[in-house]
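Structure assessment
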Amino acid sequence: MNRNESLYSLAHAGVVDLAIVGGGATGLGVALDAALRGYSVALMESHDFAGGTSSRSTKLLHGGVRYLAQGNVSLVREALHERQSILAIAPHLAAPLSFVMPAYAWWKLPFYTIGLKLYDLLAGRAGLGATEWLSRRETAQALPGVQVRGLHGGVKYWDAQFDDARLALAIARTARAAGANVLNHVKVANLQALEGQSDGAKWALDWQNQKGVEQGVLRAKCVVNAAGVWVDDVLAKVKGHVPTRRMVTPSQGVHLVVDRRFLAGKSALLVPKTTDGRVLFAVPWLGSLILGTTDTVRDDAPREPLPLEEEIDFILREAAHVLADAPQRADVRSVWVGLRPLVSPSSQKATRSISREHTTVVSDQGLVTVTGGKWTTYRAMATDVMAQIESARLLSSNPVVQTDEHQLVGSGQSSGSDLTEAPGLHLFGDQAPAVSACAGSDKPLALGLNEAMVRYAVRSEFALTVEDVLARRWRALFLDARVALAIAPRVAEIITEETGQDADLLNFQKLCQQYVLNDRRV
């Protein structure tokens, strides 16, 4: 089904069982779960799939070592189980990753080890490797580039990493294959509760195609508001809704990308407690090194948030404490900012202490709002949403499908990918032959991307704009904003050749400037 067919289906759908607003990890997870149960599903995302928070994570699938320190054992246990599920259903987009905590005080070695042994115990059979106590020499070997002055040793443990935007895309494609109509660049303008409809419709949603002139009204038996950090904005579009307080407290996380030479090994570095009590990661990812992250409360939720200068300084300063060759501002190839949709507490507190568990609220009219949580638990969140929908009898109960065993598009290969290495054709999994069959497989662009991959992104991966391709189908903008800027004109030409429509090059060129640190003025 191409985009025109999807829009036609949306316009002539009659009444669908489930309408989903928001195409991030949570919304897409719900769409897949519902479609596999046999419900008719329509999902609308106003921008691109994973265009917000879901493409701006630290790229880690983890149980949450710091949540264990906070005593949230149930969240850690659930996340460790879900980590294993994602590794099983998307081996081309997720892979185990070893972490090393360097210790610059002797007493921290047994302290770290005890906590991480408990982490292993909670993982049980889902564990990826045993925690090890490393000597000073072994720590330096595992982390080439770590500061050895004052180093006493380290502790090695295991978690996992992934390509967040491409995993969201795989979920979207799998949901479509299961029968869901998933559409990016389609905005829901208004929602209105209906009463007394003979066909069972409880909601009417006004929608508009953001990349064309099509618009219409979708009628649904149930609506899921899965807009992440923007769930309150969706609620504001509900006619007659009077908000009492905001459901979400946005928390800003900043990430800097530098060359792998600053930490050349295949292990990630974790500082569990920085000078202000936060966590610092240095994660090898797609041939580069991610430094992050911050945790700064905001009272707004812009589509493209900018980092504060103090956040940039914090990451570089803390990295300088543990890396022998400290990265400078000029070394930063890309900087991106994500907003975490943390469930608002009843009283003000630092966002790092707010629970990362999700919240699902079901209104009397049958509007289901889900927010909070984290990428690792997207599938469990979707299962919970569907369970609450059926429990509230918003939809008749259908047979449950075990989504933790349902393979995602591209997963049909014998071995997984190495996500620490540079991006390439392997990220498409068993779709690689179809990609190579497109024209331009012998015409490289940059960062592992070739012209065939751009054509495939348009034909099979819902891409409509340069940003869709270079930010999320391929992670060029997140790896090196200047390189993304350089190849953008050719990518725009290919998209226009494929679609006959403008590829929004100018807006992408402006966006690139926000990801180039040296050009920033805040």
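Residues numbered from 1 in each chain as written. Predicted model: local features only at pLDDT ≥ 70, side-chain atom pairs only at ≥ 80, totals over all residues. Heavy atoms only, no water.

1. What to know about the confidence of the model for the protein
Filter applied, for reference: For every residue, the predictor assigns a confidence score, pLDDT, that lies between 0 and 100. We call two residues in contact whenever any of their non-hydrogen atoms come within 4.5 Å of each other.
Residues at a pLDDT of 70 or more form 96% of the protein, whose mean pLDDT is 93. Residue range residues 347-355 is modelled with pLDDT below 50. Its contacts to residues more than four positions away, or to other chains, number 20 contacts.

2. Re a nonpolar patch on the surface
The criterion, for reference: Two joining distances apply to patches: 9 Å for like charges and 5 Å for nonpolar side chains (Val, Leu, Ile, Met, Phe, Trp, Tyr), and every residue must have over 30% relative accessible area and no salt bridge. Accessible surface is estimated by sampling points in the Shrake-Rupley manner with a 1.4 Å probe; for residues, cover comes only from the protein chains shown. By definition, a salt bridge exists where a carboxyl oxygen of Asp or Glu is found within 4 Å of a side-chain nitrogen of Lys or Arg. Starting at the N terminus, helices and strands are each numbered in turn, a helix being any DSSP run of H or I of at least four residues and a strand any DSSP run of E of at least two. Throughout this description, buried means an accessible area under 20% of the type-specific maximum (1.4 Å probe, protein chains only), exposed means over 50%, and partly exposed covers the range between.
Taken together, the side chains of W106, W107 and F111 make up a nonpolar region of the molecular surface, amounting to roughly 440 Å² of accessible area. Here W106 is to be found in the loop between β4 (94-103) and α5 (108-123). For W106, a relative accessible area of 60% puts it in the exposed group.

3. Things to note about the pairing of strand β12 (residues 268-271)
For the record, the criterion: At least two bridges found by DSSP between two strands are what make those strands a pair.
Of the two faces of β12, the one holding A268 and L270 and the one holding L269 and V271 are both buried throughout. Note that β4 and β12 share two bridges and pair parallel. In the sheet register, F99 faces β12, and the bridge partner there is A268.

4. A look at the side chain of D295
Stated precisely, the cut-off is as follows: N or O atoms closer than or at 3.5 Å make up a polar contact, with two conditions inside protein: a donor-capable atom paired with an acceptor-capable one, and, for residues adjacent in sequence, both atoms drawn from side chains.
Along the chain, the position of D295 falls in the loop between β14 (288-292) and β15 (296-297). What makes D295 buried here is its relative accessible area of 9%. A distance of 2.2 Å separates polar atoms of two side chains, one belonging to D295 and the other to S251.

5. Observations regarding the side chain of D232
In this fold, D232 is placed in helix α8 (residues 231-236). Judged by its relative accessible area of 10%, D232 is buried.

6. Quick notes on helix α7 (residues 164-177)
Selection criterion: By definition here, a helix of n residues has an expected span of 1.5 Å times n minus one.
Relative to the 20 Å expected for 14 residues at 1.5 Å per residue, α7 spans 20 Å between its end C-alpha atoms, a close match to the ideal helical length. Across the 14 residues that make up α7, a large majority, 12, are buried. Residues D164, A165, R166, L167, A168, L169, A170, I171, A172, R173, T174 and A175 constitute the buried set of α7. A positive backbone phi angle near 115° is found at G179, which sits one or two residues after α7.

7. A closer look at the pattern of salt bridges
A full pass over the atoms with the stated rule returns 32 salt bridges. Across the pair K59 and D164 runs a salt bridge, and its minimum N-O distance is 2.7 Å. Note that K59 is positioned in the loop between β2 (41-44) and β3 (60-61) and D164 in helix α7, a separation of 105 residues in sequence. Here K59 matches D164 in class, with each residue buried.

8. Comments concerning the packing of aromatic side chains
Going by this rule: Between the rings of Phe, Tyr and Trp (Trp by its six-membered ring), a pair exists once the centres lie within 6.5 Å; its type follows the angle of the planes, with under 30 degrees stacked, over 60 edge-to-face, and the other angles tilted.
If you walk through the whole model with that rule in mind, you get 12 aromatic pairs. For the pair F99 and F281, a centre-to-centre distance of 6.3 Å together with 75° between the ring planes defines the contact as edge-to-face. Of this pair, F99 sits in strand β4 while F281 sits in strand β13 (residues 280-285), and the two are 182 residues apart along the sequence. Across the pair, exposure class does not vary: F99 and F281 are buried alike. An angle of 85° between the planes, with centres 5.9 Å apart, marks the rings of Y119 and Y157 as edge-to-face. Of this pair, Y119 sits in helix α5 while Y157 sits in strand β6 (residues 153-162), placing them 38 residues apart in sequence. The buried category is assigned to Y119, whose relative accessible area is 2%. For Y157, a relative accessible area of 2% puts it in the buried group.

9. As for the nonpolar core
Quick reminder of the rule: What makes a nonpolar core is a set of buried Ala, Val, Leu, Ile, Met, Phe, Trp, Tyr and Cys residues whose side-chain atoms join them at distances within 4.5 Å.
The biggest cluster of nonpolar side chains holds 115 residues, and the ones touching the most others in it are L18, V224, I389, L470 and L477. Setting aside residues no more than four positions away along its own chain, V224 makes contact with L18, A19, I20, V21, V30, V368, V370, V385 and I389.

10. Considerations on the environment of A484
Among the structural elements, A484 can be located in helix α15 (residues 481-499). Judged by relative accessible area, which is 0%, A484 ranks as buried. Measuring from C-alpha to C-alpha, the distance between A484 and W203 comes to 42 Å, with 281 residues separating the pair along the chain. Residue contacts for A484: discarding those within four places in its chain leaves L470, A476, L477, F508 and C512.

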